[in-house]
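Listed below are the residues making up each chain.
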Amino acid sequence: MKSIDNLTINTIRMLSVEAVEKAKSGHPGLPMGAAPMAYELWAKHMKHNPSNPDWINRDRFILSAGHGSMLLYSLLHLFGYGLELDDLKAFRQWGSKTPGHPEYGHTVGVETTTGPLGAGFANGVGMAMAEAHLATKFNKKEYDLIDHYTYVLVGDGCLMEGITNEAASLAGTLQLDKFIVLYDSNKISIEGDTDIAFTEKVGKRFEALNFQVLTVEDGNDIEAIGKAIAEAKADNKRPSFIEIKTQIGYGCPNKQGTADAHGAPLGEENIECTKEYLKWVSDQPFHVPEEVYEYMKELRNKGSKEEALWNEKFETYKKAFPELAKEWDTYFSQDIAVDLLKDEDFWAFEDKPMATRSVSGEVINRLKDKIPNLIGGSADLSPSTKTLMNNESSFSSKDYSGRNLHFGVREMAMAGIGNGMYLHGGLKVYVSTFFVFSDYFKPMARLAALMEIPLTYVLTHDSIGVGEDGPTHEPIEQLASLRSTPNFIVFRPADATETAAGWYKAITSKTEPVALVLTRQNLPQLKETSKEALKGGYILLDSQKEQPDVILMASGSEVELIYKAHQVLKDEGIDARVISMPSFELFDQQSESYKESVLPKGVRKRIAVEAAATYGWHKYTGIDGDIIGLDHFGASAPGGTLFEKFGYTVENVVERTKSMVNKY
């Protein structure tokens, strides 16, 4: 090993342990053990330009084991991504650029938010899928504009999580040869030796998943690591998994190889021992040798030159393929190249009962021709969720140009992969499953909300209307769960017009994921529904008085009930206002004056109707209001029977309304 290599690796180690020590919290062990592999990758194999972290043809690096974040922050500082020493000194502190786990959009150079173990692995599979798809679209002979790798660094914990196996299974099936995993194999977790819970032959597992599996016996041998990375890149038929055997906390003689080095500061005494062991060059904390900085400048120049050559090639490409160059701009723009609000065809539907999942299927097939970079699919449910794009091929190892994605029965990996595809850039992504199974992908949807990336979730079979499949498949608490997620839009439409509005919001959103919650059963088309649904809640049928006697509100399929109850109540002398409330979140974003115009504070007699848990509706019904909801699980019977048995009838809405009106 050259002296500059060793010095840089030890600089990464020392910056990491000193930042953890100053913060009095963090994980020093992974950065100390994995520093050689990360350095070798970043310095000698990875294509990146710190001067332009957003260069589209850069290689992607994901630290799936996000607790080792100081490894990444040290790299970002040394390679010149804009993190200063003061940022490292502020590790895990209020307002710093160096939070406890890496956060996309918060720290330059962080490709995705990691922390929940395994999430980064799935994101990486998504990025590799995006690379493969875009390469088939834009690359031409002698013009390999999209040609880069996705590297993921994982630990033992990542490989214990089920999402990793789900995503790896798909990656192997799809033969994603530009997906390369570096496994920091140190046999230590926070509870001790992994033998207490994790004794599988990991390499054999990945061989079975159709990965090329390589092993490096000494995690400090950067030549062997480099050779393995080169061998991984040479395999153009399989993704690669490189097991690199390391010692957690390497360099701290009193703690290396033990769980004590995993998740707590080393302590001042042990840091001194580490400096002695590594023959460190300074007694000052956060010291970076000047020769390391000079060496990093050379590497940065190399990255700048690589991008400059790519830019020259792209300029020639634009002249040779002007139409593709135009499409390139469309793909990599946040905006869509069509005004859907003024597109009458987008909003036009037959006046016949339709399930909103079927309407959504129609909308997807209208959008696919207007938005060429729309891509998506389901967790083995597209015939039921109606998410298949007609006359489009399926993304597979034989055809990466396909726009129909097939995730298999892997809901959590699907959502994590969807995040990665979007984060790569160039694609608008939707994923789909039955609404009740949103429980399986909730952690990845939460990360999408945290990262402010607008993934679209098509969630069908939204209520007890599922019927005979029974309570295991009938969502109850899922609406409340998703609605409680910050920066997340839940949209449950009542008919075709509102479904189109939900899709419009999803496809134009720039910072919020959107869940479209759709019915299995047919619903009538209500002539009063409109684009006002984009406000989240609006008046569908108004009272004749300035102040209504009562306000009825509902979402989705239950809007039909309050719509019909309105006339019955009117015949009985009760003047009701009917509000469709497809999205709490969008309604809450409206001005106070608009919200008051829809839900005037002076009208305290209010009833909400929804075939789901009542939780969350109280902020609209108030203390005097009533909610017809479902705070228990469903049952197995035809959907119509369940609606009747559980009180979702016009008669019950009318009786509960009359009771309220007469009570006060």
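Conventions and cut-offs
- Residues numbered from 1 in each chain as written.
- Predicted model: local features only at pLDDT ≥ 70, side-chain atom pairs only at ≥ 80, totals over all residues.
- Heavy atoms only, no water.
- Domains from an automatic or database assignment.
- Contact = heavy atoms within 4.5 Å.
- Buried area = accessible area lost by both parts, 1.4 Å probe.
- Salt bridge = Lys/Arg side-chain N within 4 Å of Asp/Glu carboxyl O.
- Polar contact = N/O pair within 3.5 Å; in protein donor to acceptor, adjacent residues only side chain to side chain.
- Helix = DSSP H or I, 4+ residues; strand = E, 2+ residues; numbered from the N terminus.
- UniProt positions renumbered as here; feature names shortened; annotations may be inferred.
- Buried < 20%, exposed > 50% of the residue type's maximum accessible area, 1.4 Å probe, protein only.

1. Here's the deal with the domain arrangement of the protein chain
Size of an interface, as often reported, equals the accessible area lost when the parts are brought together.
Part 1 of the reasoning: By domain assignment, the protein chain separates into domain 1 (4–303), domain 2 (340–517) and domain 3 (531–663).
Part 2 of the reasoning: Between domain 1 and domain 2, the C-alpha centre-to-centre distance is 33 Å.
Part 3 of the reasoning: Residue-level contacts link 30 residues of domain 1 with 30 residues of domain 2.
Part 4 of the reasoning: Interface area for domain 1 against domain 2, summed over the two sides, is near 2,500 Å², with a carbon-plus-sulfur share of 71%.
Part 5 of the reasoning: Viewed at the interface, domain 2 and domain 1 are joined by 0 salt bridges.
Part 6 of the reasoning: At the junction of domain 1 with domain 2, the criterion picks out 11 residue pairs in polar contact (both at pLDDT 80 or more).
Part 7 of the reasoning: Listed by contribution, the elements that provide at least two residues to the side of domain 1 that touches domain 2 are α5 (119–138) and α7 (162–174).

2. Details of the UniProt feature "binding site: substrate" (unreviewed entry) in the protein chain
Part 1 of the reasoning: The positions UniProt marks with the feature "binding site: substrate" (unreviewed entry) are His 27, His 262, Arg 357, Ser 384, His 461, Asp 469, His 473 and Arg 520. A maximum C-alpha distance of 48.5 Å shows the annotated residues, which cover 494 residues in sequence, to be distributed over more than one spot.
Part 2 of the reasoning: If we skip the residues at most four places from it in the chain, Ser 384 touches Arg 357, Phe 434, Thr 460 and His 461.
Part 3 of the reasoning: Among the structural elements, His 461 can be located in the loop between β12 (456–460) and α18 (478–483).
Part 4 of the reasoning: Judged by its relative accessible area of 5%, His 461 falls in the buried class.
Part 5 of the reasoning: Those residues in contact with His 461 that lie beyond four places of it in its chain are Arg 357, Ser 384, Phe 434, Phe 435, Val 466, His 473, Pro 475, Leu 518, Thr 519 and Arg 520.
Part 6 of the reasoning: Separated by 2.9 Å, the side chains of His 461 and Thr 460 make a polar contact.

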